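Now for the letters of each chain:
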Amino acid sequence: MAENVKPRVRVPGTASAGEVITIKTLISHTMESGQRKDDDGNTIPRSIINRFVVDFNGENVIDVQLEPAISTNPFFEFQATVPESGTFNFTWYDDDGSVYTEAKDITVS
Amino acid sequence: MKKLAVAAVLSVSVAAPSVADETANLVLNGETQITVRADAPAHVDGLSEIISGWVFRSDETQALQMDDFDNPGMIFVDEARDTWNEASGEAGESCASCHGEPESMAGVRPVYPKWNEEAGEVRTLAMQINDCRETRMEAEPWGYTSGAMANMEALISSVSRGMTINVAIDGPVAATYAAGEELYYTRTGQLELSCASCHEQNYGNYIRADHLSQGHINGFPVYRLKNAKLNTVHARFKGCVRDTRAETFSPGSPEFVALELYVASRGNGLSVEGPSVRN
Amino acid sequence: MKLTRRQTMLAAMGTAAIAALPIKASAAADDAIAAFTGGAELGEGGITLTAPEIAENGNTVPIEVSAPGAEAIAIFADGNPTPAVATVLFGPLAAEQMAATRIRLAGTQDVVAVARMPDGSFVQARQEVKVTIGGCGG
């Protein structure tokens, strides 16, 4: 697992049924592109988060394939509809096989 | 002739980044008012108004600092919160053991560097953090510009955001202040540039495509888009001096401590912004 | 005024900064877009790409794409060594088919967003982003 990988997500705690809510996510990760060289001239191998998936109560919101052109500490903002109270599950997949997850509950009134 | 050479560098104006509305005001998270313009302190002869580096950045870069979630520097504040609570060193103490919540540090960042009576020296925040680590925690000191140090400085700064920088310049620090001022106006390197050449006489102009700021350090540590990490004051000083094509002083050296005190005091009246976002 | 060697060199350095020519669109970019579209024709309209006209640093360029009703949006940087940037698939709970992120641009170039619509058609939006090279390595 890459060092110091820390997911952050911002989801409103409450919403009304069918309301459009904005979600922001940020995860600390170097996103080593595979294009850089170290001081000895050797290529630093690619090591990125290659996929990011957001589900709500088992249904998909977005599924993103990331390439090395995504900046260090990948940030995403997108919009979701919540039909009922439940849980957002956020999953980041690392090139090295690590999987980072975060969950946030939302109450629909 | 030296002046002409400098002018040749500085007068080159290229397609510049879209400069933000220079009258823009900075409010963090819709609630914390940041003072980005103020009357220059009386001891700064070369400026009538002091302006935060935030004002000189593009709309997009400015926006990154306006919300803690958008500010990538806050990732490192979160990391430092974990470190704050972790016991480290032989004494088995954490920062929290003595200081409680990091919020108890509110008011610390605005007055550093400052005189430490017991030690009989001027201390930067980094020096104070390492003194805590070595003396209280019996832990290894952190590298002066290391990631761990930058993160902790960011945490301690973050809880003072919006508070007014108020660094003392007289009394026991007078000699350090004078040494820092001397350095600020001393031309160094093959390019023969002083801090003042760019940040006092030419702020607002472009050096190649860089929009020169007044060089205040109220926003440190700074998350730079360039290297996507937090940057410390002394690492930035080192970069600036190196860019004049000079041998630089070392981070943590008496020279840079003096320069930090002087430069910090030039920003007396601006708000603590760290961790800020710059290009 | 007689120019000294130093002044001449400094002036030349300044000129070099102006000569930041756009990176030429690569065949690789066309191939990457074709891989997403299957070679289908690209229409216009119904997709919005928001990106800065000039980026202060190519390392972190904020962009936003939006294509109401799209199944997927793929983003490309046509001058990067590998042009693909990201592909966003929208699930049933995506309220609006939009996403904002931060991307790396190797230099001045076009950013291209291509949306796949439910009827199998594709639309694109394209914008040039100028990437400046600062004077201070710091």
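Details of the structure are given in the entry above.
Residues numbered from 1 in each chain as written. Chains lettered and ligands numbered in written order. Predicted model: local features only at pLDDT ≥ 70, side-chain atom pairs only at ≥ 80, totals over all residues. Heavy atoms only, no water.

Draft legend 1. Focus on the nonpolar core. Membership of the largest hydrophobic core comes to 58 residues, with the highest contact counts inside it found for Phe52, Val61, Phe88 and Phe90 of chain A. Every residue in contact with Phe52 of chain A, bar those within four places of it in the chain, is listed here: Thr25, Ile62, Asp63, Val64, Leu66, Phe76, Phe78, Phe90, Thr91 and Trp92 of chain A. Counting 53 residues, the second largest nonpolar core, distinct from the first, contains Cys95, Met152, Phe220 and Ala228 of chain B. (Core = buried A, V, L, I, M, F, W, Y, C linked by side-chain atoms within 4.5 Å. Buried < 20%, exposed > 50% of the residue type's maximum accessible area, 1.4 Å probe, protein only. Contact = heavy atoms within 4.5 Å.)

Draft legend 2. Spatial organisation of the pattern of salt bridges. Residues and elements named next belong to chain C. Scanning the model with the defined rule gives 19 salt bridges over all chains in all. Of the charged contacts, one joins Glu71 and Arg116 as a salt bridge, the two residues approaching to 3.1 Å between their closest N and O atoms. A residue pair is termed long-range when its members are at least 10 positions apart, and Glu71 in the loop between β4 (61–66) and β5 (72–77) and Arg116 in strand β8 (residues 109–116) qualify at 45 residues. The exposure class assigned to Glu71 is partly exposed, which follows from its relative accessible area of 33%. (Salt bridge = Lys/Arg side-chain N within 4 Å of Asp/Glu carboxyl O. Helix = DSSP H or I, 4+ residues; strand = E, 2+ residues; numbered from the N terminus.)

Draft legend 3. View of the environment of Ala77 of chain C. Residue and element names in this part refer to chain C. With respect to the helices, strands and loops of the structure, Ala77 is situated in strand β5. With 34 residues separating them along the chain, Ala77 and Val111 place their C-alpha atoms 4.6 Å apart. When neighbours within four sequence positions are excluded, Ala77 is seen to be in contact with Pro83, Val85, Leu105, Gln109 and Asp110.

Draft legend 4. Local environment of the sheet that holds strand β11 (residues 276–278) of chain B. Residues and elements named next belong to chain B. Taken together, the three strands give an open sheet; going across it, the order is β10-β9-β11, and neighbouring strands pair in mixed fashion. Two strands bound the open sheet, and with one partner strand each, they are β10 (229–231) and β11. Across the sheet, the axes of successive neighbouring strands diverge by a mean angle of 40 degrees, strand direction being ignored. In the sheet, strand β9 (residues 222–224) pairs with β10 via three bridges, with the strands oriented antiparallel. When the bridges of β10 are listed, Val222 appears paired with Asn231. (Pairing = 2+ DSSP bridges. Axes fitted to C-alpha atoms, helices over the stretch in contact; angles between N-to-C directions.)

Note that all results are geometric; they support no functional claim without further evidence.
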